[in-house]
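Each chain, written out:
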Amino acid sequence: MESLYRLFERWIDPFGKGPGGPGSDMPSSGAAFLMHFVRQARWPFVLMLALGGITAAIEAGIYSFIGMIVDMLQADARADLFSRHGPVLLAMAGVVLVLRTAVATLTALVEEQTVVPGFTNLVRWQAHRRIMDQSLSFFHDEFAGRISAKVWQAGQSAAEFMTTLLQTVWYIVVYALATLLLVADLDLWLGAAVALWLVLFAAIARIYVPRIRTLAKGTAHAASGVTGRLVDTYTNIQTVKLFGTRGGEEQGVRIGYGVYLDVLRRFTRSLTAVRGLMALLSGTMMVLIAGLTLLFWQAGTVSVGEVALTLGLVLRLNLLLNRMLGQLNGLFRTMGTLQDSMDMIVRPIALTDAPSAPDLVVTEGRIDFEGVRFHYGRRGGVIDSLSFSIEPGEKIGVVGPSGAGKSTLANLLLRFYDVEAGRILIDGQDIGRVTQASLRRQIGMVSQDTSLLHRSIRDNILYGRPEADEAALRRAAERAHALAFIEGLRDAKGRIGFDAHVGERGVKLSGGQRQRIAIARVLLKNAPILVLDEATSALDSEIEAAIQENLTELMAGKTVIAIAHRLSTIAAMDRLIVMDGGRIVEQGRHDDLLARRGLYANLWDRQSGGFLTVEADAEEVVRHDGAAGQ
């Protein structure tokens, strides 16, 4: 039995890549989106279709057996029953015991061993890969919990829809047709009554199903909005408690629930209306068919066994049609959920690799910005006509007021966004024409907003170079002045040192500890281009001074862009670039810029303890904005 299980479990590869490569489009309509995945697992579903039809035929046949047995009991003496009808009765028993059991077992194998683990996770895996192709701005615009929920529910909904369609709805359709044929074979008037029942059922379903489908999609979307808000609250629970805003958060969730309940109530009202209408229809048709059957028996045109057959089939048909209504409601509720997931999954990907894009090859590390313009899709206000070059191995510092475009410059170099005009070259290669993965492999970055993965210290440091050995790992931690505190760590599950987990976004560590882990990670990665965006802002002065020595060692032989408000940390760079309003307004060495008495000198004079204060920063923005308007 174990080998049989494994045979069906291997039928669908849950990690199949699917048609097309990374960034390839997926269909944007519900049916086409579903079929995109079904085609990758067509044969299991073909078998489910066949098994559903066979199951329905067997179930309808069992009622024929009952009618035949009733007629046998009427026609023959008790002693002659098995002697005269033994082979027929044995055949009936074989169908019920052997064929019915075999079909049910095979159906369960396909559904439970193939579709549930294989197809469900095939959809999730390919949806996840599609989402991972999205640009950074996509993730900034959505709740992380909402994205993950929609990826997860896409697989669940697709599998439930196909299973319900082929195992239940198809079964009921085949059973209804079999009932129609069997009853019509007895009497055409009875067959006409059953046909009328099915036509009226289909007409009511045709009217209500589109409405139910639309409301189901709206319900799923509203529900994901509530869960997204909950995840956002739980993720930022420290901020919620710090500011004492529980009441406001609960009010926000309550408003989300209100929207959800409003849509849900409209949905459930439609369900109640159609259920009441279907109950009236089924009750009317059962009374009509039963009355006709009894009249035909009284007239001698049908036997007692045929009365039993007809009434049994009709009662079973009533149960199945009621079940069909529930299944259709569930089916289109599931389709609504799938379409809600689809709307996010199939969004166009803003950043893609060019067809057959080569990997970036860094031989020297020269960087050229040529006429770069970027405004985050707005008319202006971020970077305009930015042109400058960084020589191989040159170390530049980038300074300027908030909003000057410093961090945007780094984001464009890493191609988190595409430039709107101009281009950026590394060793003469346009970064827009090479693969994103190869570009980012050649750049090491430490930012002021350090976010760690909810994994072990070891996993976080090795993230940029997974193949590094233990000695290299420890050396990087030591150079980042992190080894001492790492060796003293113990998490809630008793894991210690490098095996201790850091919590979501590294919340179990202090800001300075997270920053040192991030620096160790970049030290270990050892990329030829280094970007430091306030890399030591979260460190105290003593640790910062010690790490600066290792950063100087790390920067040796590399092309470096260091962004800082604390000007003393970059004063010794080969060249300083002063930005304001998305343009370079000054550049040169520290002493030269001070002697020029321009914006850099003003920023330096306004520092407090080597740090550019927020007040001074804001004052500079106002001063320069005012000057620009004159």
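Residues numbered from 1 in each chain as written. Predicted model: local features only at pLDDT ≥ 70, side-chain atom pairs only at ≥ 80, totals over all residues. Heavy atoms only, no water.

Considering the confidence of the model for the chain
Here the chain averages 82 in pLDDT, and 91% of its residues register 70 or above. For the chain, the element scoring lowest by mean pLDDT is helix H20 (residues 614–629), at 39; strand S5 (residues 429–430) scores highest, at 95. Counted against residues more than four places away or in other chains, residues 608–630, with its pLDDT under 50, gives 29 contacts. (pLDDT = per-residue confidence, 0-100. Helix = DSSP H or I, 4+ residues; strand = E, 2+ residues; numbered from the N terminus. Contact = heavy atoms within 4.5 Å.)

Things to note about the sheet that holds strand S4 (residues 421–426)
The strand order across the open sheet formed by four strands is S2-S1-S4-S5, and the pairing between neighbours is antiparallel. Where the open sheet ends on each side, the last strands, each with one partner, are strand S2 (383–390) and S5. Here strand S1 (residues 367–374) runs beside S4; their pairing, made up of five bridges, is antiparallel. Bridge pairing in S4 places Asp-368 opposite Leu-425. (Pairing = 2+ DSSP bridges.)

So, the environment of Ile-212
Its location among the elements puts Ile-212 in helix H7 (residues 188–235). By relative accessible area, which is 3% here, Ile-212 ends up buried. Distance in space between the C-alpha atoms of Ile-212 and Met-579 is 56 Å, their sequence separation being 367 residues. (Buried < 20%, exposed > 50% of the residue type's maximum accessible area, 1.4 Å probe, protein only.)

A short note on the pairing of strand S8 (residues 559–563)
Most of S8 sits inside the fold, with five of its five residues counted as buried. Neither face of S8 is left uncovered, since the one carrying Thr-559, Ile-561 and Ile-563 and the one carrying Val-560 and Ala-562 both have all their residues buried. Of the pairings in the sheet, the one linking strand S3 (residues 395–399) to S8 comprises four bridges and is parallel in character. Bridged to Val-398 within S8 is Ile-563.

Focus on the packing of aromatic side chains
Two numbers describe a pair of aromatic rings. These are the distance of the centres and the angle of the planes. The final tally for this structure, using the stated rule, is eight aromatic pairs. When the centroid spacing of 5.3 Å and the interplanar angle of 90° are considered together, the rings of Phe-15 and Trp-125 count as edge-to-face. One end of the pair, Phe-15, is in the loop between helix H1 (2–9) and helix H2 (30–38); the other, Trp-125, is in helix H4 (residues 81–132), and 110 residues separate them in sequence. A relative accessible area of 52% places Phe-15 in the exposed class. Directly above the aromatic system of Trp-152 lies the positively charged group of Arg-124, at a separation of 3.6 Å from the ring centroid. (Phe/Tyr/Trp six-rings, centres within 6.5 Å; stacked < 30°, edge-to-face > 60°. Lys NZ or Arg CZ within 6 Å of the ring centre and 35° of its normal.)

A closer look at the pairing of S4
Relative to S5, S4 runs antiparallel, the two sharing two bridges. Counted as the bridge partner of Leu-425 is Asp-430 from S5. Taking the residues that link successive antiparallel strands as the turn, the S4-S5 hairpin has two residues, and the phi of Asp-427 there is positive, at about 50°.

As for the packing of H7 against helix H9 (residues 246–298)
Running from amino to carboxyl end, H7 crosses H9 at an angle of 170°, the nearest separation of the two axes being 9 Å. Between H7 and H9, the angle falls in the class roughly antiparallel. (Axes fitted to C-alpha atoms, helices over the stretch in contact; angles between N-to-C directions. Parallel < 35°, antiparallel > 145°, perpendicular 65-115°, else oblique.)

A short note on a nonpolar patch on the surface
On the surface, a nonpolar cluster with roughly 370 Å² of combined accessible area is contributed by Met-1, Leu-4, Tyr-5 and Leu-7. Note that Leu-7 resides in helix H1. (Patch = residues over 30% accessible without salt bridge, like charges linked within 9 Å, V, L, I, M, F, W, Y side chains within 5 Å. Areas by Shrake-Rupley, 256 points an atom, 1.4 Å probe, with all protein chains shown as cover. Salt bridge = Lys/Arg side-chain N within 4 Å of Asp/Glu carboxyl O.)

Structural notes on the packing of helix H3 (residues 42–75) against H4
When two helices pack together, their arrangement is captured by the angle between the axes and the distance separating the axes. For the pair H3 and H4, interaxial distance at closest approach is 9 Å and the crossing angle is 155°. With respect to H4, the axis of H3 lies roughly antiparallel. Crossing hand, H3 versus H4: left-handed. Its residues assigned to classes, the contact of H3 with H4 comprises 25 nonpolar, four polar and two charged. (Left-handed = near helix turned anticlockwise from the far one by under 90°. Nonpolar A, V, L, I, M, F, W, Y, C, P; charged D, E, K, R; others polar.)

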